[in-house]
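# Coordinate analysis (summary)
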Amino acid sequence: MNTRRLTKKEMWIFAIGQLGWSILGGIINTWLVTFYLPTSGSVEAGAKFYVPTGLVVGGVLTVLGLITFVCRIFDAVTDPLIASISDRTTNPKGRRIPFMGKAAVPFAVITVLIFCAPIDHISGINIAWILVFLILFYLFMTMYCTPYNALISEFGKTQEDRMYISTAISLTFFFGTLIAYLPFMLAGPLQSMVGYSWSYRIWFIILAVIALICMLIPVIKLNERDFVDAKPSETDMFRSLRSTFKNKEFLKFAASDIAYWVGLTLFQTGLPFFVKVSMQLDEFFTTVFLGSMTILSACFYPFVTKLVMKFGKKRLVIAGFLGLALAYLVTALIGVLPLPGMVFGILIVVIAAFPMALLGIIPQSIVADVAEEDAILTGENREGMFFAARTFSMKLGQSIAMLAFTSLAVLGTVQDITANDLTASETGLRIVAIAAVLFCALGAVILGSYNEKKIMDTIESVEKENIK
């Protein structure tokens, strides 16, 4: 069967799917802790406590942190399972897009339900509600994202295509994350009419509808078989998983990627708290700072492909790690240096923008390279499993970050650390920022051993043969 390359327009249609799921992922990453671990200012505005917020699990963990960690353990099973089923499917419509179509609606609906705890005060029922729906959220997220990410390699038939697709989905990822922050700006006017909690829930519903439409656009508009004629893998899940993790270069990348997601999620989860508690600014500026960072980062995107051609992907990702570490170090100095909160916000935006551009585009392309080299050497198309492992790295990193944030952010408080209404402190948030610095530095060190030359030499030799 003859297949063709995607046009640039079709690549953007594909990227809109990422806009959708990044909105939903952004809602959870930003609002799960913000909604269920409100600041003292939010409590004064009418926020309620639905679950205990103190360090009540062994004296070191919060209930919310433990819930997120349990959900990620569940992910450890579903990621390779969905990847294996996707890799092996013989569906005439393709191995990936049918999964995405089935997952989109429940993915969007469950995102909203997570924030609809049924009891209006602290209750074990609320704990169970959040746990069940968060598990379902990650299940349907895996069903959409793992096949979606596998298509990056399958749709990207050349290095140029892979970099263009990675750039497009990176932009839509950042704008999706930015859209998830919009309730900081838009919920306020509704609070006098519907109350604090529903002022945010209404916006979560609106954003979930937008996300659903975006996720369905590539499902409806792209016929996978027009572009991909991959042979279904005949390897079972456990053999495929073992083969994936036997790839030493992928292991190095995955370890550095986990460190990246820990650092990034600590910062993204903490941003509303840094703004409201550390900088002592209105929560409105959370969206302003993230929006400015996203727009400034997008300005660097046209240069990333050229920089990759000159310096290679590995060195640029390491530079991105170190740049983010510097931005997080500045965050840790809030309250230490005698500068206004607004100045710190501007400094963080300016410093973080370029590293975010590098780390938004290049890592996905690295996974596609590793998956392609592995297919060349083994003769098996297991892109789904490689991207499932990358998705798992993301989720594991985010899980560690959520577990750490909910525990670290309350350190140094004058309150009893087991209190049900515990809120974040400036000292705790400074510790969070320092932890983010350390994880970014760790990611840079680990990636230093990645053998980019070996991967690219294999791919380029095959591309030259195809040209002949």
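Everything that follows concerns the structure shown earlier in this document.
Values in this document were obtained by computation on a predicted structure and should not be read as measured data.

On to empty space enclosed by the protein. All chains considered together, the criterion is met by seven cavities of 30 Å³ or more. There is about 200 Å³ of room inside the largest cavity. Every residue lining the largest cavity is counted, 19 residues in all, and those nearest its centre are Q18, F173, W261, Q364 and R390. Residue assignment for the lining of the largest cavity shows that the elements contributing at least two residues are α1 (8-36), α5 (124-155), α6 (159-180), α12 (248-278), α15 (341-378) and α16 (383-408).

It is the contact of α12 with helix α17 (residues 426-447), at a shortest axis distance of 8 Å, that shows an interaxial angle of 160°. Classed by the angle they form, the pair α12 and α17 counts as roughly antiparallel. With respect to the hand of their crossing, α12 and α17 are arranged in left-handed fashion. Each of K252, F253, A255, S256, A259, V262, G263, L266, F273, F274, V277 and S278 in α12 lies in contact with α17, whose residues at this interface are E426, L429, V432, A433, A435, A436, F439, C440, L442, G443, I446 and L447. In terms of residue class, the contact of α12 with α17 is built from 18 nonpolar, four polar and two charged.

Next up on the list: unusual backbone geometry. Backbone geometry at Q280 places phi at a positive 60°, although glycine is not the residue there. A relative accessible area of 60% means that Q280 is categorised as exposed.

One pass over the full model with this rule turns up eight salt bridges. For K48, the salt bridge is made with D120, and the minimal N-O distance between the two is 2.5 Å. Here the residue K48 occupies a position in the loop between α2 (40-44) and α3 (63-88), and D120 occupies one in the loop between α4 (97-113) and α5, the gap between them amounting to 72 residues. A relative accessible area of 33% places K48 in the partly exposed class. You can call D120 partly exposed: its relative accessible area is 48%. A salt bridge links D457 to K453, with the shortest nitrogen-to-oxygen separation between them at 2.9 Å. Of this pair, D457 and K453 both sit in helix α18 (residues 452-467), separated by four residues, roughly a single helical turn. Among the residues examined, D457 registers a relative accessible area of 37% and is labelled partly exposed.

Calculation rules
- As a convention, each chain's residues are numbered from 1 in the sequence order in which they are written.
- Since the coordinates come from a predicted model, pLDDT governs what is reported: local features require at least 70, and pairs of side-chain atoms require 80 or more to be given and counted, while whole-chain, interface and lining totals use all residues.
- Side-chain numbers here rest on the full set of heavy atoms in the structure, without hydrogens or water.
- For cavity detection a 1 Å grid was placed over the protein atoms alone, and a set of points counts as a cavity when a 1.4 Å probe fits there but cannot get out; an open set counts as a pocket when protein lies on both sides within 12 Å along at least five of seven lines, with lining residues being those that have an atom within 4 Å of a point.
- Grid points are joined across faces, edges and corners, and a volume is the space filled by probe spheres set on the points.
- Starting at the N terminus, helices and strands are each numbered in turn, a helix being any DSSP run of H or I of at least four residues and a strand any DSSP run of E of at least two.
- Angles run from 0 to 180 degrees between N-to-C directions of axes, and those axes are lines fitted to C-alpha atoms, restricted for helices to the stretch in contact.
- For classification purposes, an angle smaller than 35 degrees is called roughly parallel, one larger than 145 roughly antiparallel, one from 65 to 115 roughly perpendicular, and anything else oblique.
- In this scheme the handedness of a crossing depends on how the near helix is turned from the far one: anticlockwise by less than a right angle means left-handed, clockwise means right-handed.
- Contact definition: two residues touch when any of their heavy atoms are within 4.5 Å.
- Think of it as three bins: nonpolar holds Ala, Val, Leu, Ile, Met, Phe, Trp, Tyr, Cys and Pro, charged holds Asp, Glu, Lys and Arg, and polar takes everything else, Gly as well.
- Exposure is judged per residue with a 1.4 Å probe applied to protein chains only, and the accessible area is read against the type maximum: over 50% gives exposed, under 20% gives buried, and values in between give partly exposed.
- A carboxyl oxygen of Asp or Glu within 4 Å of a side-chain nitrogen of Lys or Arg is what we treat as a salt bridge.

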